[in-house]
Amino acid sequence: MTQPYPFSTSADEFADKRVLVTGGTRGIGAAVVRRFQLAGARVAATARSASAHGVDGVLFIPADIGTAAGVETVVSRLAADWAGLDILISNAGGVETKPGGFESLSDADWQAIIDLNLVGPARLDRAFVPGMIERGSGVVIHIGSVAARLPIAANSTLVYAAAKAGLATYSKGLAKAVAPHGVRVTMISPGFIETSGAQGMIADIVRNTGASEAAARQKIVDMLGGIPVGRPGRPEEVAELVAFLASERAAFVSGANYVLDGGTIPTV
């Protein structure tokens, strides 16, 4: 059963806006999809496979954003159905951990992680941003990670951090290039958000160490250096920041990277 959305929304805030959310079937992506749908947008979501709990009214496009063919599938479908986008949320990303240290990763491992977390968003931007420039308006939001600033030196997680750091640099440069044409590019770098992916990490720690679930969760918090607000974040809290940045209320925001981590990274 779908839980009530925890924040108030306006039913016409994004009326008739065409919104694409990659990685939109679970976690942060699913929360973002729901937030835009509640606000009247036309929403498309991508993922490698459909959610077991499909969302009525959402255009689902099965695709692997980490491949050129997957991106082309999305671009072709939206060109045919919508003739472009108003808002692009590049949320798809992540990494599958492997045993061993950084030296255990092959060139293919590196490339797959970079393709999903950096090249995929760039391919989507290359496809959709020119249309936004032509219309003189559009919003692109890249979802990064605090891992870019707090890398954990553990196998594939380190490569993920490097890819997200690259995404931050690319996002800033793209913002400068397209802002004069009415297109705003921003980024959100979440910290520890309790998603299904995070729950999988907790389960791995429990399985490998015999720790309790609470102790495994605290281990992740400790690896990050603590969370001053005292808890992990919720997907809907990220979705609310996405909605603000996509709205006219954020019309003066361009090129910013918002760290949403409960205070893990001190403000400097």
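Residues numbered from 1 in each chain as written. Predicted model: local features only at pLDDT ≥ 70, side-chain atom pairs only at ≥ 80, totals over all residues. Heavy atoms only, no water.

### A short note on the overall build of the chain
Turning to step 1, where the next piece is worked out: In terms of helices and strands, the chain carries seven helices and seven strands.
Turning to step 2, where the next piece is worked out: Its helices and strands in sequence order give the chain the pattern β-α-β-β-α-β-α-β-α-β-α-α-α-β, from N to C terminus.
Turning to step 3, where the next piece is worked out: Relative to a compact globule of 268 residues, whose C-alpha radius of gyration would be 18 Å, the chain shows 18 Å and is just as compact.
Turning to step 4, where the next piece is worked out: Taken along the three principal axes of its C-alpha coordinates, the chain extends 55 × 40 × 40 Å.
Turning to step 5, where the next piece is worked out: Within the span of the chain, comprising 268 residues, buried residues form 44% of the whole.
Turning to step 6, where the next piece is worked out: Partitioning the intrachain contacts of the chain with sequence separation of at least 6 by distance along the chain shows that 70% fall at a separation of at least 24.
Turning to step 7, where the next piece is worked out: In the chain, the 23 positive side-chain charges and the 24 negative ones have mean positions that sit 3 Å from each other. (Helix = DSSP H or I, 4+ residues; strand = E, 2+ residues; numbered from the N terminus. Rg over C-alpha atoms; globule rule 2.2 N^0.38 Å. Buried < 20%, exposed > 50% of the residue type's maximum accessible area, 1.4 Å probe, protein only. Contact = heavy atoms within 4.5 Å. Lys, Arg positive; Asp, Glu negative; His and termini not counted. Charge placed at Lys NZ, Arg CZ, Asp CG, Glu CD.)

### Observations concerning helix α7 (residues 235-246)
One turn of an α-helix holds 3.6 residues; hence residues three or four places apart share an orientation.
Turning to step 1, where the next piece is worked out: Between its first and last C-alpha atoms α7 spans 17 Å; for 12 residues at 1.5 Å apiece the expected length is 16 Å, and the two agree.
Turning to step 2, where the next piece is worked out: All of the buried residues along α7 are P235, V238, A239, L241, V242, A243, L245 and A246. (Expected span 1.5 Å × (residues − 1).)

### Looking at the pattern of salt bridges
Turning to step 1, where the next piece is worked out: Applying the stated rule across the entire model yields 10 salt bridges.
Turning to step 2, where the next piece is worked out: Here D81 and R77 are joined by a salt bridge, their closest N and O atoms 2.8 Å apart. Within this pair, D81 and its partner R77 are both found in helix α2 (residues 68-81), separated by four residues, close to a single helical turn.
Turning to step 3, where the next piece is worked out: What makes R77 partly exposed here is its relative accessible area of 34%.
Turning to step 4, where the next piece is worked out: Notably, a salt bridge pairs E213 with R217, separated by 3.1 Å at the nearest N-O pair. Taken together, the positions of E213 and R217, both in helix α6 (residues 213-224) and four residues apart, correspond to about one turn of that helix. (Salt bridge = Lys/Arg side-chain N within 4 Å of Asp/Glu carboxyl O.)

### Comments concerning the nonpolar core
Turning to step 1, where the next piece is worked out: Residues F36, I89, I141 and V242 are the most contacted members of the largest nonpolar core, which totals 30 residues.
Turning to step 2, where the next piece is worked out: Secondary-structure elements contributing two or more residues to this core are β1 (18-22), α1 (27-38), β2 (42-47), β4 (87-90), β5 (138-143) and α7.
Turning to step 3, where the next piece is worked out: For this core, the element with the most residues is α7, which contributes seven residues.
Turning to step 4, where the next piece is worked out: Excluding its chain neighbours within four sequence positions, the residues that come into contact with I141 are L88, I89, S90, T186, I188, V242, L245 and A246. (Core = buried A, V, L, I, M, F, W, Y, C linked by side-chain atoms within 4.5 Å.)

### Some thoughts on the pairing of β1
Turning to step 1, where the next piece is worked out: Of all five residues in β1, five are buried; the element is thus mostly enclosed.
Turning to step 2, where the next piece is worked out: The sheet contact formed by β1 and β2 spans five bridges and is parallel. Pairing of R18 across the sheet is with R42, part of β2.
Turning to step 3, where the next piece is worked out: In this region the chain leaves β1, passes through α1 and returns to the parallel neighbour β2; the handedness of that crossover is right-handed.
Turning to step 4, where the next piece is worked out: Where β1 meets β4, three bridges bridge the pair, whose relative direction is parallel. Across the sheet, residue V21 finds its bridge partner in β4, namely I89. (Pairing = 2+ DSSP bridges. Right-handed = clockwise from strand over helix to strand, strands pointing away.)

### A word on the sheet that holds β5
The strands that make up a sheet are held in pairs by hydrogen bonds between backbone atoms, and each pair lies either parallel or antiparallel.
Turning to step 1, where the next piece is worked out: A sheet is described by the order of its strands in space; here seven strands give the open sequence β3-β2-β1-β4-β5-β6-β7, paired in parallel fashion. Of all the strands in the sheet, just β3 (59-62) and β7 (257-260) have a single pairing partner and so form its edges. The mean angle between the axes of side-by-side strands here comes to 15 degrees, regardless of whether they run parallel or antiparallel. (Axes fitted to C-alpha atoms, helices over the stretch in contact; angles between N-to-C directions.)

### Concerning the packing of α1 against α7
Between two packed helices, both the angle of their axes relative to each other and the distance between the axes serve to describe the pair.
Turning to step 1, where the next piece is worked out: Contact geometry for α1 and α7: axes closest at 8 Å, N-to-C directions at 50 degrees. One element, α1, and the other, α7, form an angle in the oblique class. Judged by the sense of rotation from one axis to the other, the crossing of α1 with α7 is right-handed. Contact residues: G27, I28, A31, V32, R35 and F36 in α1; P235, E236, V238, A239, E240, V242, A243 and A246 in α7. (Parallel < 35°, antiparallel > 145°, perpendicular 65-115°, else oblique. Left-handed = near helix turned anticlockwise from the far one by under 90°.)

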